[in-house]
Each structure stands twice: as structure tokens, then as C-alpha cells.
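Spelled out from the first residue to the last, the chains are:
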Amino acid sequence: MGADGLRIDVDGVGQRVGGGRRSRGRSRETLAGVTLSVAPGELLAVAGASGSGKTTLLELMAGLRSPGAGEVRHDGTEPALLRPALGYLPHGNVMHEDLPLVRALGYAARLRMPARTGAVRLAAAVDDALAAVGLSARAVQRLRTLSEGERRRACIAVELLTRPRVLFLDEPTTGLDPATGAELMGTLRDLAREGVTVVLTTHAPADLARCDRVLFLSPAGRPAYLGGPGGLTAAFGVGTPEEVYGAVARGAERTGEETAVRRADPLPGPGHQVEETRSTTAPEAGSPLGPFGQWWLLTRRSAELLLRNRPAAAVVAGSPLVIVAMFALLFRPGAFDPAAPSPGSAAMILFWIAFGGFFFGLTYGLLQICAELPVVRRERLTVLRLGPYLLSKAALLMPVLAAADALLLVVLRALDRLPAAGWGTYGSLFTTVLLASAAALALGLLASAAVREPGQATLMLPLLCFPQVLFSGAFVPVPQMAWAGRVLSAAMTNRWAFEALGAGIGLPALWAHGASPLGPPLLASYGDSFGRATWVNWLLLAGFTLLFLAGAWAVLAAKCRTVGGPSRQVRSGAPAAAVAVSTPAEG
């Protein structure tokens, strides 16, 4: 790649965890006394047993977290100031697996590179990244069809789009077979030869021999060895790298720096010559996409992901049809006939219409974020703005919800489950149901952001639906509820949608003047539930929508928080590279 590597200096870094209420004020040390320098173009492995603080140290070196003691410097300055030159790859595969590789890289390039970068340069950057990791022949394959090793290399390719000066990787070879792991380490070795500084954590002893130096941490997070891989076993008097883990655990620690002289090959220094093996596109200076540009790009990406995931697309398109068919079978015709009204049936029809809009929005939103949270974390600290990201989900799904809500009203009217009325009445009903769907969609996005995985989001569905049914005021009118129930009902969007539908369709007048003797007593039990102006209920639904979206933003911001926040500018010669926060696991 021909990049100028970045020098990393770690001076007396330490870290503690705990000290809060959950730990009853007790804290424990996870890292202590880590001091080292990583030269430009060097390949450093951080090894040690599980829980020794490898991931914590990697995040500190990348500037994603502030050390509790000591300091980290990148080329003599604060890490946050050089964040556009950094690449960080958390553990696991963090890409959309339903996209072809070239499409996934294309979206990443457009998001990360300067907004005015032309299509030719974007395509060249994608081609160069694919060539750098040896995946040019797999460009049109979907990521889910690639092998595990190829997917790991694809993740690295995303980082290479913007030519980082340093690359941090958390256990890149974990779960790979020996041959695939060796191939991936060969790719990293090539990047280091071309000038990129590479720091990785690993559990695999075979990885150590392919690095320039090894930092081995003790279970207490202290340096046990720092030097060339060839001197690792001799430093602890054992025969294999696997035995080093046991020796370190038994307390055979070394301060480490003096063992560096045992390596047979000289360490690369700041002025070492870097092999030029590829010609890459020169980076462009400028700002990344603004909020509108990000929103439009992310909306298109979400639409393509949905269309390429056929089961998900079938559920989105088919679930409204199934629910509308069930509603048509459940309700009898003529419930709104003024000559012979059915007050109970009329109320239930309006409630289930309101709940149908709520259910559509909630189910569409529940799986939108949790399924791609690792990707969001990865992109957040480059240029990704959470506002455009959340609005892109709404832009994709609101037209689908509008079509589902319109279909629900049209079918029920055509089958005489709703009364004959003018465009004004049905415009009011449609607006109410659409706002109910929007509020539910925002609630689904909030829940999706809060959970950790799709399975948890699925469990949230009944927990969010049952209160909307019980406290909407349809089955038990709000005036008939206990005090606590009336308070809880105020937080139910379905209540305001139900009351807006009743007011919009003129339900009190139907009940009051109908021939049924049940009308006036039933109307009295609802009190003034339908006496409020419809637009007031609309404002409440819109307010809930904004509140839930703000909550989703806050939850995502907390989950993606690191030191310094996202990079907003791209400097000349050092475009933004991917930096994302991984979970604060240790080791």
C-alpha cells in the first residue's frame, strides 16, 4: 500500500475495573506497568491467557479508551488527533453478510471516503483493497458464501479502503484452521512490509512466529515478555510456545525489555525502508458525507439488504396480508350501521385496527439494529452519524407501513367492516394508523438498540404488545381502570390511536343515536375518551415517535462511546479509517 507507518509509544499504562455500586466499591487491576514502543511497519502480537487484558490493552493502544495510569502516544501526539489514520477491527465478522463483497466495500468506501470522491476513485479503492487481501476473484460473491478466513480478510479490506497507517486487530485468527490462519497472518505480514504498523491480539501460538515481536501478558495483566518470537521459549526455559502459558501462570515473569536483544533479525525502526509492492490510488482530501448524504446512502444500503434477504422480505410483505385476512374473518359486516349498530363490535374493530398498525411497526423495527450492531459500532467512530442511521431505517420502512395500513383500511371498508364515509374521514383514519405505526416502529428501534442479539429482540415482542392491549382502554375503559392503570395507560401509544380512531369515525354519535339500548350506557363507561380533538391525539403519537427515536439514539451512542467520539474530518494524506469500539472484554 505504500503507507507511512505510525509509531506507537506506551508508557507505564495500567487499568482498573470496578469501583462502582455493583462491585461494592472494590476495583481490580487488569493491566499494570505496560511500557513498549511499536515502530512504523512493525508487526506486534499481544499474547496471554484469557483474562490477561489483551483486548483492553489493544483498545488503549488504539485510543478507544483512556488508560487509568500512564499514557499512549501516536507519533508523539494524542491518539484522538490521529484517529483518521487508524484502523481497528474488533473480534468476529462485522460486515453485512447478505451483500456481495464488492457491494459491501462500495458502500463502506462511499461512507468513509471524502464526499467529493469520484466513482472511478471509489472503484479503484475497492479494487486495491480486494487485491491487498487476495479476494479479487471473490468480488461478486455474497459474504455469507465465503469461508471464515475469507470473511476475516474481507473485514480487513474495509479498513484498507482509506489506507490506514496503523491497524489494530482483536484475535483475527481465532476459530480459523491452521492453514487459513497462516494465510491471514501472511496478509498482515505483507501489510507490515508495505509500511502499515500492525498490532494484534492472539491465542494461537502459531501466530507468534510470524510477528516481529511478542508482548506476552501475565494473568494479572503485567508484561511477562517483550521481544522476538524466537526468544520466547528460551526466556521461560520451556520447549514450545504452548508451554509458555503454563510457565507464565506459575509466576515465571520477566520484565521483558532486555529479552528483545535475543531476536536474530533487527527490529524495524522509524526510518526503515518499506517494500513497495502495489500501486494504490492516492487519497483525496476533504470532508466525508454530510447528514443528508449519509441518510441517503444508508437508506439505499438497507433497502438492498432487505431485498437480498428473501425470507425477511417475504415476512415484511406477507405479514400484513395475513393479518388483514384474519381481521376480515374475525369481524362481521354492519357493525357501524346506524339503524342497528353493534357498539361492542365497533369498539373492537377500531381497537384492532389501531393494534394492527402498532404491530406492523413494532415487528418491522425490532430486528433492524440488533442484527447489525457490530457494523454500527465499527462505522460509528469513522464518520457514521446516528441520526441519519436511524432515519434511514424509518425512510425504508415507513412507505411499507403506509401501504400495509392503507391495505388494512381498504379491505375492511370493502367488506363492510367499516362505515361508508368521505375522503376526509378515511384520511383521518389513515393518518391515525400511520402515526401509530410510526410510534411503534420507533419503539421497535429503541428495543432493538437496547438488546444484544436478535433472539432477545424476539422475546421483547410479547412484553411490548401485552401492555398495549390491556391498557389501551378498549377492553377496560380508561375511566373504569384503577388509578395506577390510568397512569400506565397514558404511556400506551395504542390508547391514543384507539381514541383518535373513535373520534375520527364519530363513534360517540353512532352510539348515542343508534337504536341499540347498549349504546348510551357503553358510551358513558368510556367517559370523554373520544371527546378529544383528533389532532391532539396525533400530536401525542408524534411526540412518542420522537421520544422513542431519541431514546434509540441515546442507547446507540452509549454502546458506541469511546474516547474522542467519531472522526468528522478527513485530512489530506490520511483519510478516515475504520475505528470501532468492541465490548470491554478482557483478554
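What counts, and at which threshold
- Residues numbered from 1 in each chain as written.
- Predicted model: local features only at pLDDT ≥ 70, side-chain atom pairs only at ≥ 80, totals over all residues.
- Heavy atoms only, no water.
- Helix = DSSP H or I, 4+ residues; strand = E, 2+ residues; numbered from the N terminus.
- Buried < 20%, exposed > 50% of the residue type's maximum accessible area, 1.4 Å probe, protein only.
- Pairing = 2+ DSSP bridges.
- Core = buried A, V, L, I, M, F, W, Y, C linked by side-chain atoms within 4.5 Å.
- Contact = heavy atoms within 4.5 Å.
- Expected span 1.5 Å × (residues − 1).
- pLDDT = per-residue confidence, 0-100.
- Salt bridge = Lys/Arg side-chain N within 4 Å of Asp/Glu carboxyl O.
- Phe/Tyr/Trp six-rings, centres within 6.5 Å; stacked < 30°, edge-to-face > 60°.
- Axes fitted to C-alpha atoms, helices over the stretch in contact; angles between N-to-C directions.

On the secondary structure map, Pro 178 appears in helix H5 (residues 178–193). With 28 residues separating them in the primary sequence, Pro 178 and Ala 206 have C-alpha atoms 8.1 Å apart.

What follows deals with the pairing of strand S6 (residues 166–170). The buried count for S6 comes to five of five residues, which makes it a mostly enclosed element. Going residue by residue along S6, you find Val 166, Phe 168 and Asp 170 tucked away on one face and Leu 167 and Leu 169 tucked away on the opposite face as well. Sheet analysis places strand S5 (residues 86–89) next to S6, joined by four bridges and oriented parallel. The partner of Leu 89 across the bridge, within S6, is Leu 169.

Below, the discussion takes up the nonpolar core. Counting residues in each nonpolar core, the largest one holds 71 residues, and the members touching the most others are Phe 336, Ile 353 and Leu 418. Top contributing element to this core by residue count: helix H11 (residues 343–366), with 13 residues. Leaving out residues up to four positions away in the same chain, Leu 418 has contacts with Phe 336, Ile 349, Leu 350, Ile 353, Leu 409, Leu 412, Arg 413, Tyr 426 and Ile 505. Within the second largest apolar cluster, 61 residues are counted, among which are Val 133, Ala 154, Ala 192 and Phe 236.

Okay, helix H9 (residues 291–308) next. One turn of an α-helix holds 3.6 residues; hence residues three or four places apart share an orientation. The terminal C-alpha atoms of H9, which comprises 18 residues, lie 26 Å apart, in line with the 26 Å expected from a rise of 1.5 Å per residue. Within H9, the full set of buried residues consists of Gln 294, Leu 297, Leu 298, Thr 299, Arg 301, Ser 302, Glu 304, Leu 305 and Leu 306. Among the structural elements, helix H2 (101–112), helix H10 (310–330), helix H12 (373–380) and helix H13 (386–414) are those in contact with the buried residues of H9.

The next point concerns the confidence of the model for the protein. Model confidence for the protein is summarised by a mean pLDDT of 83, while 84% of its residues fall at 70 or above. Segment residues 252–283 is flagged for pLDDT under 50; beyond a separation of four residues in sequence, or across chains, it makes 67 contacts in the model. In this model, residues 568–587 is a region of pLDDT below 50 whose contacts with residues beyond four sequence positions or in other chains number 89 contacts.

Moving on, we get to the side chain of Glu 150. By the secondary structure assignment, Glu 150 is in helix H4 (residues 148–160). A relative accessible area of 13% places Glu 150 in the buried class. Sequence-distant contacts of Glu 150, defined by excluding residues within four places in its chain, comprise Leu 135 and Arg 138.

Turning to the pattern of salt bridges, a few remarks are in order. For the coordinates displayed, the defined rule picks out 21 salt bridges. Across the salt bridge formed by Arg 65 and Glu 59, the nearest N and O atoms sit 3.1 Å from each other. For Arg 138, the salt bridge identified is with Glu 150, shortest N-O distance 3.0 Å. One end of the pair, Arg 138, is in the loop between helix H3 (119–132) and H4; the other, Glu 150, is in helix H4, with 12 residues separating them in the sequence. Overall, the relative accessible area of 32% leaves Arg 138 in the partly exposed class. Three or more residues joined by partner-sharing salt bridges are found here, namely Glu 97, Glu 148, Arg 151 and Arg 152.

In this structure the tally under the stated criterion is 18 aromatic pairs. Centroid distance Phe 351 to Phe 355: 6.1 Å. Interplanar angle 20°. Geometry classified as stacked. On the criterion of helical spacing, the pair formed by Phe 351 and Phe 355 is a turn pair, its members being four residues apart in helix H11. Side by side, Phe 351 and Phe 355 carry an identical accessibility label, which is buried. One aromatic cluster is present, built from ring pairs that chain together Phe 327, Phe 331, Phe 351, Trp 352, Phe 355, Phe 358, Phe 359, Phe 475, Phe 498, Tyr 526 and Phe 530.

Moving on: the sheet that holds S6. Read across the sheet, six strands follow the order S5-S6-S7-S3-S8-S9 without closing on themselves; strand pairing throughout is mixed. Both outer strands of the open sheet, S5 and strand S9 (223–227), are each paired with one neighbouring strand and no more. Mean inter-strand twist for the sheet, computed between neighbouring axes without regard to direction, equals 10°. Pairing geometry for strand S8 (residues 213–217) and S9, over four bridges, is antiparallel. Bridge assignment links Leu 215 to a residue of S9, and that residue is Leu 226. Across the face of the sheet, helix H8 (residues 241–249) comes into contact with strand S3 (43–48), S8 and S9 while running at roughly 40° to S8.

With that settled, the discussion passes to the environment of Leu 306. When you line up the elements, Leu 306 lands in helix H9. Not counting residues within four places of it along the chain, the set of residues in contact with Leu 306 comprises Ala 312, Ala 313, Val 316 and Leu 396.

Another aspect to go through is unusual backbone geometry. Within the chain, Arg 163 stands out as a residue other than glycine whose phi angle is a positive 50°. Position of Arg 163 relative to the elements: it lies in the loop between H4 and S6.

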